[in-house]
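# Overview (structure and organization)
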Amino acid sequence: MTDSVFKATLIVACLFFTGFFALVVVPPLIENFDVWGAFAAGFVNPYSSGYSMDVLVCWAILAAWVVYEAKKYSVRKGWVCLLLGIVPGVAVGFALYLLLREKQIRAVRRDA
């Protein structure tokens, strides 16, 4: 896979998920602005609980990776991706971190 195809795939995935999230989550949240209730609704049955826990653990893994690479490789602004990992979701935060990271690591390689 070329770099441009990789980047395009990540951008399309971010846009797709953000659009889907906005269409599915925002209207009920506008109708009843209960953020905690909306979060808890992800745990209404064993199946949704499993998927919700997967998302939460994936965010924690992303957070560990962002902090690790900030110290080890001086990747900056990863905290923005962690915020985007909360809203709209880990899919967006993770994809954007990969784009951010790739750009900064390429600059480090060029300097070395």
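Model, not experiment: these values are computed from the prediction. (Residues numbered from 1 in each chain as written. Predicted model: local features only at pLDDT ≥ 70, side-chain atom pairs only at ≥ 80, totals over all residues. Heavy atoms only, no water.)

So, about the overall build of the protein chain. Along the backbone of the protein chain there are five helices and zero strands. Listing every helix and strand of the protein chain by position from the N terminus yields α-α-α-α-α. Along the first, second and third principal axes, the C-alpha set of the protein chain runs to 55 × 25 × 25 Å. Classification of the 112 residues of the protein chain by burial places 22% in the buried group. Counting contacts in the protein chain only where the partners sit at least 6 residues apart, residues at least 24 apart contribute 60% of the total. For the protein chain, the accessible surface area stands at approximately 8,100 Å², while carbon and sulfur atoms represent 72% of it. Here the protein chain contributes 10 positive and 7 negative side-chain charges, whose respective centroids are spaced 14 Å apart. (Helix = DSSP H or I, 4+ residues; strand = E, 2+ residues; numbered from the N terminus. Buried < 20%, exposed > 50% of the residue type's maximum accessible area, 1.4 Å probe, protein only. Contact = heavy atoms within 4.5 Å. Areas by Shrake-Rupley, 256 points an atom, 1.4 Å probe, with all protein chains shown as cover. Lys, Arg positive; Asp, Glu negative; His and termini not counted. Charge placed at Lys NZ, Arg CZ, Asp CG, Glu CD.)

Let's shift gears to unusual backbone geometry. Most peptide bonds adopt trans geometry, and most residues besides glycine take a negative phi value. Residue proline 88 is bonded to the preceding valine 87 through a cis peptide linkage, with omega at 10 degrees. Within the fold, proline 88 resides in the loop between α4 (78-86) and α5 (90-111). Phi is positive for lysine 77, which is not a glycine, with a value near 65 degrees. Take lysine 77: it is sitting in the loop between α3 (46-72) and α4. According to the relative accessible area criterion, lysine 77 is exposed, its value standing at 55%.

Further remarks concern the nonpolar core. Leu62, Ala63, Val66, Val75, Cys81, Leu82, Tyr97 and Ile105 together form the largest nonpolar core, which totals eight residues. Mapped onto this core, the elements with two or more residues apiece are α3, α4 and α5. In terms of residue count, the dominant contributor to this core is α3 (three residues). Setting aside residues no more than four positions away along its own chain, cysteine 81 makes contact with Gly93, Leu96, Tyr97 and Leu100. (Core = buried A, V, L, I, M, F, W, Y, C linked by side-chain atoms within 4.5 Å.)

Attention shifts here to the state of the cysteines. Applying the stated rule across the entire model yields zero disulfides. Between cysteine 14, a cysteine without a disulfide, and cysteine 81, which holds the nearest cysteine sulfur, the sulfur-to-sulfur distance is 8.9 Å. (Disulfide = S-S within 2.5 Å.)

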